[in-house]
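Spelled out from the first residue to the last, the chains are:
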Amino acid sequence: MQVNFGRVLTAMVTPFDEEGRVDYDEAVRLANFLLENGSDGVVLAGTTGESPTLTHQEEFELFKAVYDSLKNKGTIIAGTGSNSTETAINSTKIAENVGVHGVLLVAPYYNKPPQEGLYQHFKAIAKSTSLPCILYNIPGRTGVNVNPDTVIRLSEIDNIIALKDATGSTEQVSQILTSVKENFLIYSGDDSMTLPMLAVGGYGVISVASHVVGPEIREMIMDFVNGNITKAKDMHLKLYPIFKAMFTSTNPIPVKAATNLIGFKVGNPRLPLVALSKPELEKLRELLIKFNKISQ
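Residues numbered from 1 in each chain as written. Predicted model: local features only at pLDDT ≥ 70, side-chain atom pairs only at ≥ 80, totals over all residues. Heavy atoms only, no water.

Undergrad: Before we go on, may I ask you to explain the packing of aromatic side chains in this structure?
TA: To describe a pair of aromatic rings, one takes the distance between the centres and the angle between the planes. According to the stated counting rule, one finds three aromatic pairs in the structure shown. Arranged with centres 6.0 Å apart and planes meeting at 80 degrees, the rings of Tyr187 and Tyr203 form a pair that is edge-to-face. Of the two residues, Tyr187 is situated in strand β7 (residues 185-188) and Tyr203 in the loop between α8 (194-199) and β8 (204-207); the sequence distance between them amounts to 16 residues. Given a relative accessible area of 0%, Tyr187 falls into the buried group. (Phe/Tyr/Trp six-rings, centres within 6.5 Å; stacked < 30°, edge-to-face > 60°. Helix = DSSP H or I, 4+ residues; strand = E, 2+ residues; numbered from the N terminus. Buried < 20%, exposed > 50% of the residue type's maximum accessible area, 1.4 Å probe, protein only.)

Shown next, in the form of structure tokens:
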């Protein structure tokens, strides 16, 4: 399966209103903004979208609201992974019926399956759908690493077309890219690793920082692709303080604060996550002023 979702996908926050309910209208407004500001598409109900504290029904309604608004204006990827294979299959089928363009499948968390279990898990989900599937390896969250050999095996399944890699390991990515077919894509799952990942053959990024610096991230990637390596490096270094600021606390706490500051009403994270402290928020505000993203 030959699929190109674009080079910059935003792992979108899920807006909540003052009562902590999902604000679907604000989600649609934010998704449209992201597509107009550097992103080729959005990933819904991932880590940044607070999937652990969303109900499945909220996730499905979020997929539908954003898809009905955007349709083919950009790529819409639904986070349908789970540590239960059956649950992931059911969620993926519902997302496919909504009409989304693909699914993001996080590695099973907490139950720590062996590599054969990971292979069988992802294979079963992929076989249950005609949608393109992106594997999501984030061992810092899940407690399990999807080893390169397992990714290589999975890449042979026709509709497993990409990997979001949040291991921080260019060595692991290099090992994968030596053995997968040419059209298997690797997206950085960490903004600060995007340029290093591109250097070893990565394709793009599933970004957090693109909520506030989407055009700049796109410029960096396209400069690299077009051979303007020094310009890409300079942009990476310029953006590095923003990349790090998005992780001064547990994601998505800082990026929700930043998205509120630039004019959206995405609310605070749901418990057990909490909002930034006032000193942390002030530092973030000062940084966004420095980057001309908000006024003083």
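Undergrad: Honestly, the nonpolar core in this entry has me stumped. Any pointers?
TA: When a protein is soluble and globular, its nonpolar side chains tend to lie buried together. Core analysis: the biggest nonpolar cluster contains 83 residues, and Phe63, Val66, Ile217 and Leu284 have the highest contact counts within it. Among all residues touching Val66, those that are not within four sequence positions of it are Ala27, Val28, Ala31, Val42, Leu44, Lys71 and Ile76. Core analysis: the next-biggest nonpolar cluster, separate from the first, contains 17 residues, Phe5, Leu104, Ile138 and Ile161 among them. (Core = buried A, V, L, I, M, F, W, Y, C linked by side-chain atoms within 4.5 Å. Contact = heavy atoms within 4.5 Å.)

Undergrad: What should I look at first to understand the UniProt feature "site: Part of a proton relay during catalysis" (unreviewed entry) in the protein chain in this one?
TA: As recorded in UniProt, the sites labelled "site: Part of a proton relay during catalysis" (unreviewed entry) are Thr47 and Tyr110. Those residues in contact with Thr47 that sit more than four places away from it in its chain are Tyr136, Arg141, Asn251 and Pro252. Its location among the elements puts Tyr110 in the loop between β4 (102-106) and α4 (115-127). The contacts of Tyr110, once residues within four sequence positions are left out, are Asn83 and Thr142. (UniProt positions renumbered as here; feature names shortened; annotations may be inferred.)

Undergrad: Teacher, can you tell me more about the side chain of Asp223 here?
TA: By the element assignment, Asp223 lies in helix α9 (residues 210-225). Asp223 gets classed as buried once you look at its relative accessible area, which sits at 9%. Discounting chain neighbours no more than four positions away, the residues touching Asp223 are Asn228, Ile229, Lys231 and Ala232.

Undergrad: Looking at this structure, how should I read the sheet that holds β7?
TA: The pairing of strands in a sheet comes from backbone hydrogen bonds and takes either a parallel or an antiparallel form. Pairing is parallel in the closed barrel, where eight strands are placed in the order β1-β2-β3-β4-β5-β6-β7-β8. Put simply, the sheet's adjacent strands are angled 25 degrees from each other on average, direction ignored. Pairing of strand β5 (residues 133-137) with strand β6 (residues 160-165) involves five bridges; the strand directions are parallel. The residue of β6 that forms the bridge with Tyr136 is Lys164. Packed onto the sheet, α9 meets β1 (8-11) and β8 and runs at close to 160 degrees relative to β1. (Pairing = 2+ DSSP bridges. Axes fitted to C-alpha atoms, helices over the stretch in contact; angles between N-to-C directions.)

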